[in-house]
Amino acid sequence: MFALSELENDALIEIFNIGVGQAAASMSAIVNEAVRMSVPSVSFINRTEAARLLDGKSPEAENICGVSQHYEGAFATEAILMFPEDKSLEIVRLMVGESVPLKELTEMEQEAMCEIGNIILNSCVGTLANIFQRELHGSLPQYHVGTSDEILVASGSLPDTVVLMLHIDFLLEKHQIHGYVAFVLDVTALHDLKEQINLYIARAMGQA
């Protein structure tokens, strides 16, 4: 399985911490509530293991709500934000307020979740692009509902495709919502990512 050195892994977590901090600030403005996000770990696992991990973290939710965007540039990846489906309406309710009827809330769920996905994914990917000093261009967000494996398959990944799994805890003042961000990468993209991390480390140490 693909692996990073301890230094490379620490650098990647540091980069994602910056991106998640920007995402938290943007999301706070939307839901009018303090939002804290943590990035405790980053792991590289295959698609089958990633689906199993997601299912294990959401045992009470049969389906997962996912928003995906494809990125090209410094490396190619399909970025996917996933929540338990039973939390998606809760997130939308926070965005639009208590006064919107449930029927209207359901009708705007897909658009609202795409907006949240766009904010969080672009914050993470935009930070990668800025720090790597390379461009990453994203597609429009796509909305998915299904099992974790179905959502990962929808990204075009094969069972042995490597998934960079990033666990995010969304901590709101009155709610606790857990989400995952997955970056689906093929072998070429993995080596491109590793190269960019090492160039960043070299610049940080004054060696580039």
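What counts, and at which threshold
Residues numbered from 1 in each chain as written. Predicted model: local features only at pLDDT ≥ 70, side-chain atom pairs only at ≥ 80, totals over all residues. Heavy atoms only, no water. Helix = DSSP H or I, 4+ residues; strand = E, 2+ residues; numbered from the N terminus. Rg over C-alpha atoms; globule rule 2.2 N^0.38 Å. Buried < 20%, exposed > 50% of the residue type's maximum accessible area, 1.4 Å probe, protein only. Contact = heavy atoms within 4.5 Å. Areas by Shrake-Rupley, 256 points an atom, 1.4 Å probe, with all protein chains shown as cover. Expected span 1.5 Å × (residues − 1). Polar contact = N/O pair within 3.5 Å; in protein donor to acceptor, adjacent residues only side chain to side chain. Core = buried A, V, L, I, M, F, W, Y, C linked by side-chain atoms within 4.5 Å. Disulfide = S-S within 2.5 Å. Pairing = 2+ DSSP bridges.

Along the backbone of the chain there are seven helices and eight strands. Its C-alpha atoms give the chain a radius of gyration of 17 Å, within 12% of the compact-globule value 17 Å for 208 residues. Over its C-alpha atoms, taken along the principal directions, the chain stretches across nearly 55 × 35 × 25 Å. Burial statistics for the chain: of 208 residues in total, 51% are counted as buried. Long-range pairs, those at least 24 residues apart, make up 74% of the contacts in the chain between residues at least 6 apart in sequence. Here the chain has roughly 9,900 Å² of accessible surface; of this, 50% comes from carbon and sulfur atoms.

We now examine helix H7 (residues 187-204). What sets the pattern is the α-helix's 3.6 residues per turn: residues three or four places apart point alike. If you check H7, its first and last C-alpha atoms are 26 Å apart, about what 18 residues at 1.5 Å a residue would give, namely 26 Å. Of the positions making up H7, those classed as buried are Ala189, Leu190, Leu193, Gln196, Ile197, Tyr200, Ile201 and Ala202. Tucked into the core, H7 has its buried residues touching helix H1 (6-31), strand E2 (42-46), helix H5 (109-132), strand E7 (162-172) and strand E8 (176-185). Of the residues that open H7, the one with a side-chain oxygen 3.2 Å from the backbone nitrogen of Thr188 is Asp186.

Turning our attention to the environment of Ile131. Within the secondary structure layout, Ile131 lies in helix H5. A relative accessible area of 16% means that Ile131 is categorised as buried. Note: C-alpha distance between Ile131 and Val153 (22 residues apart in sequence) is 30 Å. Non-local contacts of Ile131, meaning those with residues more than four positions away in its chain, are made with Ile15, Ile18, Tyr200 and Arg203.

So, on to the nonpolar core. Phe16, Met37, Phe44, Ile120 and Phe170 are the most contacted members of the largest nonpolar core, which totals 63 residues. Per-element tally for this core: the top contributor is H5, with 13 residues. Setting aside residues up to four positions removed in sequence, Ile120 forms contacts with Ala23, Met27, Met37, Leu81, Ile168, Phe170 and Val181.

At Asn32, a position not held by glycine, the phi torsion is positive, near 55 degrees. You can see Asn32 is positioned in the loop between H1 and strand E1 (35-38). Looking at Asn32, the relative accessible area reads 69%, which means it is exposed. Of note, Gln133 is a non-glycine position whose phi angle comes to about 60 degrees, a positive value. Tracing the sequence through the fold places Gln133 in the loop between H5 and strand E5 (136-138). Taking relative accessible area as the criterion, Gln133 reaches 58% and is therefore assigned exposed.

With that settled, the discussion passes to the side chain of Glu8. Relative to the helices and strands, Glu8 is located in helix H1. For Glu8, a relative accessible area of 6% puts it in the buried group. Discounting chain neighbours no more than four positions away, the residues touching Glu8 are Lys194, Ile197, Asn198 and Ile201.

The subject of this paragraph is helix H3 (residues 85-96). Compared with the 16 Å implied by 1.5 Å per residue over twelve residues, the 18 Å span of H3 between its first and last C-alpha is a close match. Ser88, Ile91, Val92, Arg93, Leu94 and Met95 are the residues of H3 that are buried. Residue Gly97 follows H3 closely and has a positive phi angle near 100 degrees.

Our focus in this paragraph is the state of the cysteines. Counted according to the given criterion, the structure contains zero disulfides. With no disulfide partner, Cys65 has as its closest neighbouring cysteine sulfur the one in Cys114, 8.3 Å distant. Exposure remark for Cys65: the relative accessible area of 1% places this residue in the buried category.

This next bit is on the pairing of E8. Judged by how many residues are buried, E8 sits mostly within the fold: eight of ten residues are covered. Hairpin geometry of E7 and E8 is characterised by an intervening segment of three residues between the two adjacent antiparallel strands.

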